[in-house]
Amino acid sequence: MNKKVVIIGGVAGGASAAARLRRLSEEHEIIIFERGPDVSLANCGLPYYIGGIIDARKKLLVQTPASLFKRFNIDVRTLSEVTHIDRQKKEVEVKNLKTSEIYTESYDYLILSPGAKPIIPDIQGIDLLNVFSVRNLVDTDNIKKFIETSSPKRALLIGGGFINLEIAENIKEKGIEVTIVEMTDQIMAPLDIEMASIVHDHLRKGGIKLLLKQSVTALEGDTEVKSARLSSGDELETDMVVIGVGVTPETSLAKDAGLTIGKTGGIEVNKYLRTSDASIYAIGDAIQVKHLVTDQDVLLPLASPANKQGRIAADNIAKRPATYKGTQGTAIVRTMGLTAAVTGTNEKTLRKLGTNYGVCYLHPDDHARYYPGFSEMSMKLIFARVDGRVLGAQIVGRQGIDKRIDVIATAIRAGMTVYDLQELELAYAPPFSSAKDPVNMAGYVAANIIKGDYEPCYWNDWAKVLSEDPMLIDVRMEKEVENIGAIPGAVIIPLNDLREKLSEIPKDRNIIIFCQVGLRGYIAERLLKQHGFTNARNFCGGYKTYKSIA
């Protein structure tokens, strides 16, 4: 018996579900209702279309209603808004936005893929003509047209999330002065603050004005914004505003239908992505998921999980049982030539949960230093203290960030430990990596901490450390310290001279060792410990980490 499957919403999840279901079954009748004009588009490419890196609008259209019908025999109805779900009759009410016609469509199975909508702050002037958000191609068209016709000189970006960072890079390239206002103390919330601080410094050096711990209280102007009032009392002149303070799941249809909504505000689904109604599945940005690492209920609006969820929902409708095992939050962004990537959980989350975890920092090169064009990256690895299981990672740098975060993301998905990271056999040739890849090095550093071979001192313990009046030893070369900078009060004893200077170091005093990135400090710590200096610790990540957050 043929079954009718109605999908509400296209883009990543809905279009993926439809195509997968057709590949599994020629018998199902499949209908997609999409409120917007485009059924399947590359949302993540929108900032790059604004910047002109993606030069043609049509390149962002992954599929069209015509292509989906021709290839998959899927009935796609764009500019069609589902306004009500009648679960008893198994019908949806649809409004044709082109004709205003209202009609009903029956279903055997329903897949909800409504996505998420931008959070729009409730402030004066938010509805003025030159205030934009970035959700779909229409929004992007409006921004692109405004830039081309009005030639703005200044742009205010409200919110420091991934999309606004990409927007910042792309419109800065067009000669527009960019200011980002973020109400918290950091941009990119998935990063911990010391890693976000590296991005802060880079943006400021690149000419982006970054205003943290501030918010916009009003937008001033008649028909268009001319200036913004800030919570600090300052007023900022601007020619355009882009809102990027986050998104909230589109759950109005689900709530109206009486489906269970989770504590995060997303639609509650089980491991099969089935809602509280056995005939209705939900996928994508609108659903509440389990975090793969913490097992907490979370909202993680990302394109890759939405695509996978669409496939799983289709499998289950086609009687091929499949389960969704959770989202780990792997994400990457490039802004002003710098790349920042995350996977797994971060330290601030684990601290709230009371997890017994460890952290290490390192600053390896993306490939062999003797081969031209190397670039240093900053890595943070988070791991379970008990068994070394990898819990999360954050990497910031110019090159080679994507492949390292992907390796660690794979390790987290596989439940691997820091000891496994040490043993990974990764591709090596001088233009691509080092014989010990940065991922291997992160495993070595973390394992040394767990085994007690390396007793780290961390940046966020610094005030407490200084209160104990330790001896600070900088084991870098004197010229290096002069050129790069020094820690106040540190005694310079280059690593190669340390053995000859042991008599000058007190054994009854706490000792904190510094180098540039942590490696020479670790060697110095091992040397001192074996000579009876049991109170010696190495500053994790070295002066580079210290400087990024000091």
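Described in the following lines is the structure provided in the data block. (Residues numbered from 1 in each chain as written. Predicted model: local features only at pLDDT ≥ 70, side-chain atom pairs only at ≥ 80, totals over all residues. Heavy atoms only, no water.)

A few words now on a nonpolar patch on the surface. Where nonpolar side chains cluster on the molecular surface, the patch consists of Y370, Y371 and Y428 and spans about 360 Å² of accessible area. Here Y428 lies in the loop between helix 11 (418-423) and helix 12 (438-451). (Patch = residues over 30% accessible without salt bridge, like charges linked within 9 Å, V, L, I, M, F, W, Y side chains within 5 Å. Areas by Shrake-Rupley, 256 points an atom, 1.4 Å probe, with all protein chains shown as cover. Salt bridge = Lys/Arg side-chain N within 4 Å of Asp/Glu carboxyl O. Helix = DSSP H or I, 4+ residues; strand = E, 2+ residues; numbered from the N terminus.)

Time to look at the pairing of strand 12 (residues 154-158). With 4 of 5 residues buried, strand 12 is to be regarded as a mostly interior element. Bridging between strand 12 and strand 13 (residues 177-182) involves 5 bridges; their strand directions are parallel. Bridge pairing in strand 13 links A155 to V178. What joins strand 12 to strand 13 is helix 5 (residues 162-172), and the crossover it makes is right-handed. Where strand 12 meets strand 18 (residues 240-243), 4 bridges bridge the pair, whose relative direction is parallel. Counterpart to A155 in the pairing with strand 18 is M240. (Buried < 20%, exposed > 50% of the residue type's maximum accessible area, 1.4 Å probe, protein only. Pairing = 2+ DSSP bridges. Right-handed = clockwise from strand over helix to strand, strands pointing away.)

Time to look at the pairing of strand 7 (residues 91-96). Burial of the side chains of strand 7 is restricted to one face: V92, V94 and N96 are buried, whereas none of E91, E93 and K95 on the reverse face is. As paired elements, strand 6 (residues 80-86) and strand 7 share 6 bridges and run antiparallel to each other. Pairing of E81 across the sheet is with K95, part of strand 7. In sequence, strand 6 turns back onto strand 7 through a hairpin of 4 residues, with K90 there showing a positive phi of about 55°. Pairing between strand 7 and strand 8 (residues 102-106): 5 bridges, direction antiparallel. Bridge pairing in strand 8 links V92 to E105.

Using a probe with the size of a water molecule, rolled over the atoms, empty space left in the structure can be pinpointed. Here the second largest pocket defines a volume of roughly 630 Å³. Forming the boundary of the second largest pocket are 25 residues, of which H363, P364, M441, V517 and L519 lie nearest the centre. Those elements giving two or more residues to the lining of the second largest pocket turn out to be strand 26 (357-362), helix 12 and helix 15 (519-530). No other element matches the 5 residues that helix 12 contributes to the lining of the second largest pocket. Of the residues in the lining of the second largest pocket, the class split is 13 nonpolar, 6 polar and 6 charged. (1 Å grid on protein atoms, 1.4 Å probe; cavity = no way out; pocket = protein on both sides within 12 Å on 5 of 7 lines; lining within 4 Å. Points joined across faces, edges and corners; volume = space filled by probe spheres on them. Nonpolar A, V, L, I, M, F, W, Y, C, P; charged D, E, K, R; others polar.)

Attention shifts here to the pattern of salt bridges. Scanning the model with the defined rule gives 33 salt bridges in all. Between E105 and K4 there is a salt bridge, and its shortest N-O distance comes to 2.8 Å. Taken together, the positions of E105 in strand 8 and K4 in strand 1 (residues 4-8) put the pair 101 residues apart, joining distant regions of the chain. A residue is classified by how much of its surface remains accessible, and K4, at 13% relative accessible area, is buried. A salt bridge links D201 to K205; its shortest N-O distance comes to 3.0 Å. Of this pair, D201 and K205 both sit in helix 6 (residues 193-205), 4 residues apart, roughly one helical turn. When its relative accessible area of 40% is taken as the criterion, D201 is described as partly exposed. Here K205 falls in the exposed class, since its relative accessible area comes to 69%. Taken together, the shared-partner salt bridges in this structure form one network comprising D192, E194, E347, R351 and K380.

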